Amino acid sequence: MPLAVRSVESFAEAARLLAAEEGARLLAGGTLLMRAVNEGDVRITVIVRCTDPGRELVRREGERVRIGAGVTLSRLARAPEAAFLAPVVRAVGGPAIRNMATVGGNLFAHSPYGDLGTAFLALDARVTLAEGGTGRELALEDFYRRRDHRPPPVVTAVSVLRPRDPAAFRFRKFSRVRPKGASVVAVAAHLPAFGGRLEGVRIALGAMGPTPLRARAAEAALEGRSLGTETAGAAAAAVLDGLRPSSDAIASEWYRRELAPVVMRRLLLAEEPRR
Amino acid sequence: MSPKPVRFRLNGRERALFVEAGRNLLDALREGLGDLTPKYGCGQGTCGSCTVLVDGEPVLSCLMLAEAAEGRAIETLETFDGPELDPLQQAFMDHFAAQCGYCTPGMLMAAEALLRREPDPDREQVVEAISGNICRCTGYEPIVRAILDAAARRAGRGTAGGGGS
Ligand SMILES: Cc1cc2nc3c(=O)[nH]c(=O)nc-3n(C[C@H](O)[C@H](O)[C@H](O)COP(=O)(O)OP(=O)(O)OC[C@H]3O[C@@H](n4cnc5c(N)ncnc54)[C@H](O)[C@@H]3O)c2cc1C
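Residues numbered from 1 in each chain as written. Chains lettered and ligands numbered in written order. Predicted model: local features only at pLDDT ≥ 70, side-chain atom pairs only at ≥ 80, totals over all residues. Heavy atoms only, no water.

### Let's talk about the overall build of chain A
Scanning chain A from N- to C-terminus turns up eleven helices and 14 strands. With respect to the three principal axes, the spread of C-alpha positions in chain A is 60 × 40 × 30 Å. Pairs at least 24 residues apart make up 59% of the contacts formed inside chain A by residues separated by at least 6 positions. Counting only carbon and sulfur atoms, one obtains 50% of the accessible surface of chain A, whose full area is about 12,500 Å². A distance of 4 Å separates the average location of the 41 positive side-chain charges in chain A from that of its 29 negative side-chain charges. (Helix = DSSP H or I, 4+ residues; strand = E, 2+ residues; numbered from the N terminus. Contact = heavy atoms within 4.5 Å. Areas by Shrake-Rupley, 256 points an atom, 1.4 Å probe, with all protein chains shown as cover. Lys, Arg positive; Asp, Glu negative; His and termini not counted. Charge placed at Lys NZ, Arg CZ, Asp CG, Glu CD.)

Following this line, the structure appears as structure tokens:
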């Protein structure tokens, strides 16, 4: 079947098109979708371009920042409201990829991609979907559970916690190719401390499952305690709890299991890898 | 679906062509307009040899829908159209930054985008700027040296060493 391109002016309209047509896909930056089109993926029959005016907004909302699904990674890196995410963005792709790739598209990227989603998960992200016109919000974890369902949910925006203490948000990505490459493992952590005790710890792992995942046992090993060699060791030891990473072209399951605790400990102790 | 008309500026000139639905910009440039400077390497955005500038910023033309170029300013290597080589091109020659040459157009566009934004880049900025461009011949060092040297030449600081005038 030949391809068609349709343009719509709102996310709601895009959602209706996607629901009506099995082979319709929303085009954001195209860094993943156009790969499939170039390969001749016959499941794709309609490319939907969306010019919703809300797609490029970045706005502070109380203790959160709201980021439109169509915001490119380059734009996000420059947004003062989201300065804490700049190191995460810098770890993605090369400059040309970042000029194209969007925040919304990153939530649909399959492992080992999805570095931004990993960071968002540690920052208690909420995803706004275009449904029934008004939109509705759900936790990023719930979004990931239904992300690959048909019809696909259409994301209009993501809202993430702004860490009160910028040093409390940390991100580490381990890749085999320097300076850039797909994640073998990515770890993001929000570690707010009050009077020396960690409170509200959230840890997320990327490339350790089909979507970014919380490391709940590692969170529990840190919650209410102070951050030190001992607690970091306990969190690192617990980080694999319940996870079954897959083997792919980037790394084997074994390698990911070996590496994740190391990256977790380095992140917690702010250690640099030995070269 | 019948082909759609698309208009954009290519290296400063208004151009128009018809594109099939789903065609990428690289195809439109090479097959539609005969500009063979952007190269088809992987068609997956991984190699960077198709890098062009869109409104001054580097993008991967193989991953851009051709009709999304409507009204934009596209630049390829043909943007250096003077009778003399640009100092950036000359630096690539002098530093032996091209061997097989397939990555070179993409490298030059990535470097050009950097030098416009940052006329005096440090080594780390150069490495970052070409981090999405793969070269399988040179080991990158000659390319990094050439870009740093081109910055010096354009600033009239002469050559930073490594041959050439
Ligand atoms: C060379 C290369 C390097 C890369 N490196 C990295 C990396 O280091 N880290 C990383 O995380 N990723 C990486 N990626 C993957 C990708 O570039 C990013 O994940 C990017 O954020 C995807 O966004 P996009 O806008 O390009 O998505 P698109 O390709 O436009 O879309 C991807 C999928 O998501 C759907 N979609 C997009 N937006 C929405 C929306 N708002 N609502 C519903 N569905 C939507 C599309 O329909 C499509 O199915 C890389 C890709 C390439 C080609």
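### Looking at the overall build of chain B
When its secondary structure is counted, chain B shows five helices and five strands. Reading the secondary structure of chain B in the N-to-C direction produces β-β-α-β-β-β-α-α-α-α. In terms of overall size, chain B behaves like a compact globule, its C-alpha atoms giving a radius of gyration of 16 Å where 165 residues would be expected to give roughly 15 Å. C-alpha atoms of chain B, sized along the principal axes, occupy 55 × 30 × 25 Å. When burial is assessed residue by residue, chain B has 50% of its 165 residues classed as buried. By sequence separation, contacts in chain B at least 24 residues apart represent 55% of the contacts at least 6 residues apart. Charged side chains of chain B number 17 positive and 23 negative; the gap between the two group centres comes to 3 Å. (Rg over C-alpha atoms; globule rule 2.2 N^0.38 Å. Buried < 20%, exposed > 50% of the residue type's maximum accessible area, 1.4 Å probe, protein only.)

### Considerations on the sheet that holds strand E1 (residues 4–10) of chain B
All names here are of chain B. Within the open sheet, the five strands sit side by side as E2-E1-E5-E3-E4. Their pairing is mixed. Edge positions in the sheet fall to strand E2 (13–19) and strand E4 (57–60), since each has one partner strand and no second. Strand after strand, the sheet turns through a mean of 40° between neighbouring axes, direction not considered. Relative to strand E5 (residues 73–75), E1 runs parallel, the two sharing two bridges. Bridged to Leu-10 within E5 is Ile-74. (Pairing = 2+ DSSP bridges. Axes fitted to C-alpha atoms, helices over the stretch in contact; angles between N-to-C directions.)

### Some points on the interface of chain A and chain B
Accessible area lost on assembly of the parts is the figure often given for the size of an interface. On the side of chain B, 25 residues touch chain A, which itself brings 24 residues to the contact. Between chain A and chain B the total buried area reaches about 1,900 Å² when both faces are included, carbon and sulfur atoms providing 59% of it. In terms of surface lost to chain B, no three residues of chain A exceed Val-5, Arg-35 and Met-100 of chain A, which account for 26% of the buried area on that side. The tally of links between chain A and chain B comes to two salt bridges. (Buried area = accessible area lost by both parts, 1.4 Å probe. Salt bridge = Lys/Arg side-chain N within 4 Å of Asp/Glu carboxyl O.)

### Some points on the domain arrangement of chain B
All names here are of chain B. Domain annotation of chain B identifies domain 1 (4–80) and domain 2 (87–154). Here the C-alpha centroids of domain 1 and domain 2 sit 21 Å apart. On the domain 2 side, the residues contacting the 19 residues of domain 1 number 17 residues. Across the domain 1/domain 2 interface, buried area totals approximately 1,400 Å², and carbon plus sulfur atoms make up 64% of it. In terms of surface lost to domain 2, no three residues of domain 1 exceed Leu-53, Leu-77 and Phe-80, which account for 37% of the buried area on that side. Among the salt bridges present, the one from Arg-116 reaches Glu-75, with a minimum N-O distance of 2.7 Å. The tally of links from domain 1 across to domain 2 stands at five residue pairs in polar contact (both at pLDDT 80 or more). Those elements giving two or more residues to the side of domain 1 that touches domain 2 turn out to be strand E3 (51–54) and E4. (Domains from an automatic or database assignment. Polar contact = N/O pair within 3.5 Å; in protein donor to acceptor, adjacent residues only side chain to side chain.)

### A closer look at the packing of helix H2 (residues 87–94) of chain B against helix H5 (residues 141–154) of chain B
Residue and element names in this part refer to chain B. Following both chains from N to C, one finds H2 and H5 inclined at 140°, their axes separated by 8 Å at the closest point. It follows that H2 is oblique to H5 by the angle criterion. Between H2 and H5 lies a crossing whose hand is right-handed. Between H2 and H5, the contacting residues are Pro-87, Leu-88, Gln-90, Ala-91, Phe-92 and Asp-94 on the first element and Ile-143, Ala-146, Ile-147, Ala-150, Arg-153 and Arg-154 on the second. Partitioning the contact of H2 with H5 into residue classes produces eight nonpolar, one polar and three charged. (Parallel < 35°, antiparallel > 145°, perpendicular 65-115°, else oblique. Left-handed = near helix turned anticlockwise from the far one by under 90°. Nonpolar A, V, L, I, M, F, W, Y, C, P; charged D, E, K, R; others polar.)

### Structural notes on the site of the ligand
Neighbouring the ligand are 30 residues; Leu-26, Gly-29, Thr-31, Leu-33 and Thr-102 of chain A lie closest to it. Residues near the ligand are shared among chains A and B, making this a multi-chain site. Gly-30 of chain A places a polar main-chain atom, nitrogen or oxygen, 2.7 Å from an oxygen atom of the ligand. Relative to its free-state accessible area of 980 Å², the ligand is covered by the protein chains to the extent of 93%. (Near = heavy atom within 4 Å.)

### Points about the packing of helix H3 (residues 104–117) of chain B against H5 of chain B
All names here are of chain B. H5 packs onto H3 with a crossing angle of 40° between their chain directions and a minimal axis gap of 11 Å. Taken together, the axes of H3 and H5 lie oblique to each other. At the point where H3 passes H5, the crossing takes the right-handed sense. Note on element contacts: H5 touches H3 through Ile-143, Ile-147, Ala-150, Ala-151 and Arg-154, opposite Met-107, Ala-111, Glu-112, Leu-114 and Leu-115. Here the contact of H3 with H5 is composed, by residue class, of eight nonpolar, no polar and two charged.

### As for the side chain of Asp-86 of chain B
All names here are of chain B. For Asp-86, the location among the structural elements is in the loop between E5 and H2. According to the relative accessible area criterion, Asp-86 is buried, its value standing at 17%. Of note is the side chain of Asp-86, whose polar atom sits 2.8 Å from the backbone nitrogen of Leu-88. For Asp-86, the side chain forms a polar contact with the side chain of Arg-154, separated by 2.7 Å.

### Brief notes about the sheet that holds strand E6 (residues 126–129) of chain A
Residues and elements named next belong to chain A. One open sheet holds the five strands; their spatial order is E4-E5-E8-E6-E7, and the pairing between them is antiparallel. With one partner strand each, in any of the chains shown, strand E4 (58–61) and strand E7 (136–139) form the two edges of the open sheet. Across this sheet, the average inter-strand angle for adjacent strands is 25°, counted without regard to direction. Pairing between E6 and strand E8 (residues 155–161): four bridges, direction antiparallel. Across the sheet, residue Thr-128 finds its bridge partner in E8, namely Ala-157.

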